[in-house]
Amino acid sequence: MQEKKDATFSYQFPDGDRRLAFSRQSSFRHWDPPLPSPSPSPSPSPSPLLRSHSFKPYLARSDSTVGMPLLEKPGQKDATWVALILAAVRGVANGSRPMKRLALMISLNVAYSMIELLLGLFTGRVGLVSDAFHLTFGCGILTFSLFAMGISRKKPDETYTYGYKRLEVLAAFTNALFLLFLSFSLAVEALHAFMQDESEHKHYLIVSAVTNLLVNLLGVWFFRSYARVNIVYWKPEDMNYHSVCLHVLADSIRSAGLILASWFLTLGVENAEVLCLGIVSVAVFMLVLPLFKATGSILLQIAPSNIHPSAFNKCSRQIASLEEVLEVSQERFWELVPGYSIGSLSVLVKKGVHEDRILQHVNGLYNDLGIQDLTVQIDYK
């Protein structure tokens, strides 16, 4: 029969913290005191908390939810969002050169998309209006990346105990998802061009494509050090900067494809638009697929990709080979952000064994492997 080591801990949580701490022992159950006895003899007062199997538990290990009164005051959530936005603005204002460059590029794209939208509305050009909405949506994605850069500098607090760094991974994933959607839309546009009469194709988008290409090439120059398909991410900032670079690079390829298609159409090349848009669609898809896989793996908390699975098995075997250890189980490892890995495992040891040497050995093994944050649970048998 396995025994768990009982221990009592003192937790000092700040005001407003809604976390719970409870032991792994049997649940405490409420005891309702009986009515006063008519007997004059005094009876000892029972304890209000009593272990019993005949009363309803306050908190069981199988409970999925705990009813607790909300401590949030009216308008507290709105104030929190305002504080986050202000922190992001301060982070951008006092940020690095890439952040200021991204803010400049977003401003240029917003100004150009507004001009394009107004021209499209006044001239009745549906293509200009559609391209303006595409640019506006892309500016929104880039603005989220800029917001993530600014807010990631905020220190961990009682709500986000690991900090805000993972927001940059989410921003990079959003960029990758947008580019995959762009690739799909270009493929649909190529199919539509194949089905329609290309002799009626409008050439007025050539000026728009050239202007958009120049603005995006400026963004590619700003983030030229990240202009690669495959890149090793050492920090979450690298992943976000890479996603921004791929975003503007994909937009540049799209604009270049439209310019090339229009030129080929003037030369009388058949199916020129279908060919150019198809090539651009495949190029954007191949360009963004590695980033989509990397960001998705982190958000799904897959085992760190920079550590081979056989290395985890080797560490587990080394721990299990210790004379005091009976079993190693519940091994879980994942990346919080690029360059910061977290793990937890349970170790079953013989009763009466001193745990300090085992903990030191386990932490040494996984720290050498690249796990920066490790939680080890020691059980006795």
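Refer to the structure printed above.
Here goes a summary of the coordinates provided. Predicted, not measured: the structure shown is a model, and the values here were computed from it.

On to the overall build of the protein chain, then. Regarding its fold elements, the protein chain presents 9 helices and 5 strands. The secondary structure elements of the protein chain, listed N-terminal to C-terminal, are β-β-α-α-α-α-α-α-α-α-β-β-α-β. For the protein chain, with 381 residues in total, the buried portion stands at 38%. Here the analysis covers contacts within the protein chain between residues at least 6 apart in sequence; of these, 74% occur between residues at least 24 apart. Surface summary for the protein chain: the accessible area is close to 23400 Å², and the carbon and sulfur share equals 62%.

Let us now look at the nonpolar core. Leu102, Met149, Leu179, Phe223, Met239, Val244 and Leu291 are the most contacted members of the largest nonpolar core, which totals 41 residues. Contributions of two or more residues to this core are made by α2 (97-123), α3 (126-151), α4 (166-195), α5 (205-222), α6 (236-266), α7 (272-299) and β3 (325-337). In this structure Leu291 touches Ala172, Ala176, Tyr233, Met239, His242, Ser243 and Leu246, once residues within four positions along its chain are discounted. Core analysis: the second largest hydrophobic core is formed by 22 residues, Ala311, Val349, Ile358 and Tyr366 among them.

The next subject is a nonpolar patch on the surface. Taken together, the side chains of Leu260, Trp263, Leu267 and Val269 present a nonpolar region at the surface, about 380 Å² in accessible area. In this structure, Trp263 sits in helix α6.

Now for α6. For α6, with 31 residues, the first-to-last C-alpha span of 46 Å sits near the 45 Å given by 1.5 Å per residue. Burial analysis of α6 places 22 of its 31 residues in the buried class, which makes it a mostly covered element. One or two residues past the end of α6 sits Gly268, with phi positive at roughly 85°.

The 3 strands lie next to each other as β3-β4-β5, forming an open sheet whose pairing is mixed. Both edges of this open sheet fall to β3 and β5 (373-380), since each of them pairs with a single strand only. Pairs of neighbouring strands in the sheet enclose a mean axial angle of 10°, with direction left out of account. Sheet analysis places strand β4 (residues 340-349) next to β5, joined by 8 bridges and oriented parallel. Note on β5: the bridge partner recorded for Gly343 is Leu374. The strands touched by helix α9 (residues 356-369) within the sheet are β3, β4 and β5, with β5 carrying the most contacts at an inclination of about 145°.

Thresholds applied
- Residues numbered from 1 in each chain as written.
- Predicted model: local features only at pLDDT ≥ 70, side-chain atom pairs only at ≥ 80, totals over all residues.
- Heavy atoms only, no water.
- Helix = DSSP H or I, 4+ residues; strand = E, 2+ residues; numbered from the N terminus.
- Buried < 20%, exposed > 50% of the residue type's maximum accessible area, 1.4 Å probe, protein only.
- Contact = heavy atoms within 4.5 Å.
- Areas by Shrake-Rupley, 256 points an atom, 1.4 Å probe, with all protein chains shown as cover.
- Core = buried A, V, L, I, M, F, W, Y, C linked by side-chain atoms within 4.5 Å.
- Patch = residues over 30% accessible without salt bridge, like charges linked within 9 Å, V, L, I, M, F, W, Y side chains within 5 Å.
- Salt bridge = Lys/Arg side-chain N within 4 Å of Asp/Glu carboxyl O.
- Expected span 1.5 Å × (residues − 1).
- Pairing = 2+ DSSP bridges.
- Axes fitted to C-alpha atoms, helices over the stretch in contact; angles between N-to-C directions.

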